[in-house]
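Chain by chain, the residues:
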Amino acid sequence: MNWMLALPELVLALSGLVILVAGVCMKKEDSFVPAAMLSIAAMGVTLFLVPLTPDGNGYGHVFVNDGFARFLKILILAGGILATIISIGYQRGSSRLPFETPVLMLFSSLGAMLMASAGNLITLFVGLELSSLSIYILCAIERDRLKSAEAGLKYFILGSLASGLLLYGISLVYGFAGTMELVPLSMIIAGQGGLPLGLQIGMVFIIAGLAFKLSSVPFHMWTPDAYQGSPTPVTAYMAGAPKFAAFALLLRLMAGPFGMAAPRWQILIETIAGLSMLFGSLAAIPQTDIKRLMAYSSIGHMGYAMMGLAAASATGLRATLVYLAAYLVMNAGVFAVIGAMRRGGREVTSIRDLSGLSRTHPGMALAMAVFMFSMVGVPPMAGFFGKFMVFASAWHAGLYGLLAVGGVSALIGAYYYLRVVKVMYFDAPVQEFDSPAPSLSFVSAGMGVVTVFFLIGLGVITSAAEIAAHAIAG
Amino acid sequence: MLTQIVFYVFSAVLVTSGMMVISARNPVHSVLFLILAFFNAAGLFLIAGAEFLSMLLVIVYVGAVAVLFLFVVMMLDIDFTKMREGLQRYAPFGAAVGGVLFAELVMTFLHWETSAVVVAPVTGGLGEPGGPHTNTAALGNVIYTHYFLPFQGCGLVLLVAMIGAITLTLRDRPTGRRQDISLQHARRRQDTLDMLDLPLGNSVEENGGFRRPADSYYVTAIPGSYGIPAETPEAAKASAAKGDHA
């Protein structure tokens with residue numbers, strides 16, 4: 001029983017170890033591509049194993065598997081695979097990543113999967129550390145580039161602080177309830193009626209720690225520097241899988257044990273969501289670097305996704321999950337395009353470098369325009385359905401203030417997304433980019449198609465999200 | 001009574017040495033006070049009846065971590081006076097923030113109440129019924145049986161930390177004398193040894209000067225050493241400057 005429950009995690013962990021040994025045995029110069037291929041294969045196999053696992057608790061109730069965990073694990077693995085494919089295209093010219101990069105992405109995804117299945121606050125913390133520690137290393141992996149080292153150090157120091165806050169919150173919850181298991185915790189809170197002071201403070205600390213990982217306002221300070229400084233494939237990874245894992249925990253904790261006390265945390269989540277949306281769109285306006293722009297954009301997107309949680313209903317949870325699926329697709333696509341922005345083998349990341357892209361690389365410009373429209377939320381792109389569902393759930397929950405904030409920020413956001421499109425289509429062309437690596441074209445074209453035809457898969461995704469939402473909301 | 005006296009002695013020394021860790025001017029003294037603090041904390045654990053944790057604290061923290069700190073402090077060339085420069089300026093602000101947080105915590109704990117509802121953990125208690133009841137056995141049961149999965153996860157966390165330490169710090173430098181065993185084994189006498197007939201009464205100079213060792217040395221040597229010409233004049237100058245510095 002235990003074996004089958006955690007089969008994907010076990011397979012992923014073992015293949016990670018094997019790839020590590022294989023990478024060490026190969027010659028240093030040509031070990032990257034085989035290691036990346038192997039880890040894509042390992043994550044692919046795991047992706048197919050996830051739907052086969054049964055429901056249930058395992059390993060002394062520290063590990064729980066249900067529809068919700070499976071949904072998020074699939075998102076996490078898809079994010080990991082796409083980022084690894086992008087990293088293969090990144091290996092050109094002067095930029096060479098070591099073969100540990102795909103292995104660390106694999107281990108980080110493993111940590112994220114553990115978080116998605118956490119049935120105990122201990123599993124939560126161990127999974128979070130496994131996932132974050134790998135990302136700290138990945139940020140600084142181009143250690144000879146000053147920006148990369150800066151990104152790694154900043155993220156590491158602030159991330160450790162956030163882990164400390166989270167751990168302190170967990171200890172307060174344990175101090176109050178005498179258990180760290182989620183099922184007894186929810187029984188205790190239900191039996192208590194209200195939410196006593198100690199437990200409430202613990203919950204606030206846990207929300208703060210997770211909001212840091214989600215880069216939500218007011219815990220977003222690290223995001224722009226870390227996104228800009230890290231190598232592009234790492235940024236693509238950071239913006240995907242770890243956020244899904246943090247959302248997994250936030251949803252599982254808030255809808256599960258703390259579900260009885262929804263009025264207490266609803267206002268907190270509402271504030272974080274509103275501030276994130278507003279700040280994400282306002283601070284993105286003056287940006288000139290596309291990676292920084294994407295950092296602020298991701299802050300905003302996390303705010304929209306959190307709106308579904310603020311609604312505190314099964315429909316809201318479903319909306320959040322659909323939003324995350326749409327975000328995964330467009331995010332990976334945008335970073336594949338950013339990864340292809342190279343001149344003479346060197347990476348360029350300024351928005352102005354995109355000038356006249358529609359004439360030099362029409363395909364790339366079209367893909368980027370599709371992703372930008374999708375991020376704005378123009379129908380029938382993927383982003384529209386996500387936004388529509390979270391706004392609808394907030395409407396049903398009567399959160400009109402939050403809706404107004406969301407609407408205003410979406411309008412402001414449209415300005416800077418469409419500015420990128422304007423630069424690509426209406427400005428005079430500058431020097432041409434190098435021809436993009438096949439893996440980058442593959443990801444950007446593939447994700448572009450998925451973004452445009454998201455409607456076809458929407459039924460499947462929504463029903464999976466429905467099952468997932470009911471698995472935790474009961 | 002005796003226990004209380006011992007408790008207060010240990011606690012007082014612990015708090016004092018904790019203060020000294022952050023206020024001592026000499027960083028080596030800080031580490032030594034840290035070791036003292038660990039010992040006293042171990043004593044407190046002993047009084048509380050947690051003999052296993054107490055021994056673990058001494059072995060792991062004093063034996064390994066503190067000694068490692070000592071090495072780091074002594075080996076790294078950190079200008080601690082420079083690091084303290086901002087202290088005067090930031091101290092009032094830091095104290096204010098700390099004071100507010102402390103006041104808030106005190107207010108919280110004045111209203112602390114533990115759960116009135118008690119729910120048995122789903123995994124069962126610490127010890128098996130009729131089984132081991134010592135601290136060590138109970139801890140072993142918890143870590144290796146109930147929390148087996150997180151324990152393995154911690155193993156992976158350590159593995160990732162190790163990968164990180166290696167990737168971020170290991171650099172392949174073409175260092176001077178790298179040992180190549182197969183090269184050494186393949187060496188023949190005529191590669192390294194030349195028999196010369198030298199006429200009597202001549203100096204070294206007249207016989208053609210000192211001779212450099214044969215080719216085999218050149219393979220793994222860095223340019224610039226063993227009389228091998230450096231790749232570029234700049235590189236030669238740089239390596240010469242490095243040599244002067246050493």
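Residues numbered from 1 in each chain as written. Chains lettered and ligands numbered in written order. Predicted model: local features only at pLDDT ≥ 70, side-chain atom pairs only at ≥ 80, totals over all residues.

Remarks on the domain arrangement of chain B
Interface size is commonly expressed as the accessible area that is lost once the parts come together. On domain assignment, one finds that chain B holds domain 1 (1-78), domain 2 (81-112) and domain 3 (152-190 + 212-246). Summarising the inter-unit geometry, the C-alpha centres of domain 1 of chain B and domain 2 of chain B are found 23 Å apart. (Domains from an automatic or database assignment.)

Examining helix 5 (residues 87-110) of chain B
The end-to-end C-alpha separation of helix 5 of chain B is 33 Å, in line with the 34 Å expected for 24 residues at 1.5 Å each. Of all 24 residues making up helix 5 of chain B, only 0 are buried, and the element is barely covered by its neighbours. (Helix = DSSP H or I, 4+ residues; strand = E, 2+ residues; numbered from the N terminus. Expected span 1.5 Å × (residues − 1). Buried ≥ 20, exposed ≤ 12 C-beta atoms within 10 Å, placed from the backbone.)

With respect to the interface of chain A and chain B
Taken together, the contact between chain A and chain B spans 38 residues of the former and 27 residues of the latter. Mapped onto the side of chain A that touches chain B, the elements with two or more residues apiece are helix 5 (100-116), helix 6 (121-139), helix 7 (146-177), helix 8 (182-192) and helix 9 (197-213) of chain A. In terms of residues, the side of chain A that touches chain B owes the most to one element, helix 6 of chain A, which gives 9 residues. Considering only residue class, the side of chain A that touches chain B consists of 24 nonpolar, 10 polar and 4 charged. (Contact = placed C-beta atoms within 7 Å. Nonpolar A, V, L, I, M, F, W, Y, C, P; charged D, E, K, R; others polar.)

Digging into the packing of helix 15 (residues 314-339) of chain A against helix 20 (residues 438-452) of chain A
Residue and element names in this part refer to chain A. Between helix 15 and helix 20, the shortest axis-to-axis distance is 8 Å and the interhelical angle comes to 145°. Between helix 15 and helix 20 the crossing geometry is left-handed. Contacts between helix 15 and helix 20 involve V329, M330, A332, G333, A336, V337 and G339 on the former and, on the latter, L440, V443, S444, M447, G448, V450 and T451. Class assignment for the residues of the contact of helix 15 with helix 20 results in 9 nonpolar, 5 polar and no charged. (Axes fitted to C-alpha atoms, helices over the stretch in contact; angles between N-to-C directions. Left-handed = near helix turned anticlockwise from the far one by under 90°.)

Here's the deal with the confidence of the model for chain B
Segments scoring low in pLDDT should not have their predicted coordinates read at a detailed level. All names here are of chain B. This prediction gives chain B a mean pLDDT of 77; 74% of its residues lie at or above 70. At the level of individual helices and strands, chain B shows its lowest average pLDDT in helix 10 (residues 233-245), which scores 47, and its highest in helix 7 (residues 148-169), which scores 93. Counted against residues more than four places away or in other chains, residues 235-246, with its pLDDT under 50, gives 7 contacts. Interface confidence for the predicted complex, given as ipTM, is 0.92, next to a pTM of 0.85. (pLDDT = per-residue confidence, 0-100.)

Here's the deal with unusual backbone geometry
Residue and element names in this part refer to chain A. Geometrically, the link from V217 to P218 is a cis peptide bond, its omega value of 5° lying close to zero. Note that P218 resides in the loop between helix 9 and helix 10 (223-229). In the segment running from P379 into P380, the intervening peptide bond is cis, with an omega of 5°. Within the secondary structure, P380 sits in the loop between helix 17 (362-376) and helix 18 (382-396).

Thoughts on the environment of T114 of chain B
Among the structural elements, T114 of chain B can be located in the loop between helix 5 and helix 6 (135-146). Looking at T114 of chain B, the number of C-beta atoms within 10 Å reads 13, which means it is partly exposed. T114 of chain B has contacts with F176 and G178 of chain A, leaving out every residue within four places of it along the chain.

With respect to helix 8 of chain A
All names here are of chain A. Turning to helix 8, its buried residues are L182, P184, L185, I188 and I189. An end-on view of helix 8 places all buried positions within 160° of arc, on one side of the element. Where helix 8 is buried, its residues touch helix 7. In the stretch just after helix 8, G193 is the one whose phi turns positive, near 90°. (Arc of directions from axis to C-beta.)

Re the packing of helix 1 (residues 2-23) of chain B against helix 2 (residues 27-47) of chain B
Residue and element names in this part refer to chain B. Put simply, helix 1 and helix 2 touch, their axes get as near as 8 Å, and they point 155° apart. By the angle class used here, helix 1 and helix 2 are roughly antiparallel. When the axes of helix 1 and helix 2 are compared, the crossing they make is left-handed. Note on element contacts: helix 2 touches helix 1 through S30, F33, L34, L36, A37, N40, A41, G43, L44 and I47, opposite T3, V6, F7, F10, S11, V13, L14, S17, G18, M20 and V21. (Parallel < 35°, antiparallel > 145°, perpendicular 65-115°, else oblique.)

Remarks on the environment of V73 of chain B
Residues and elements named next belong to chain B. Along the chain, V73 turns up in helix 3 (residues 51-75). For V73, a count of 16 C-beta atoms within 10 Å translates into the label partly exposed. Expressed as a C-alpha distance, the spacing of V73 and V31, which sit 42 residues apart in the sequence, is 8.3 Å. V73 has contacts with P27, V28 and V31, leaving out every residue within four places of it along the chain.

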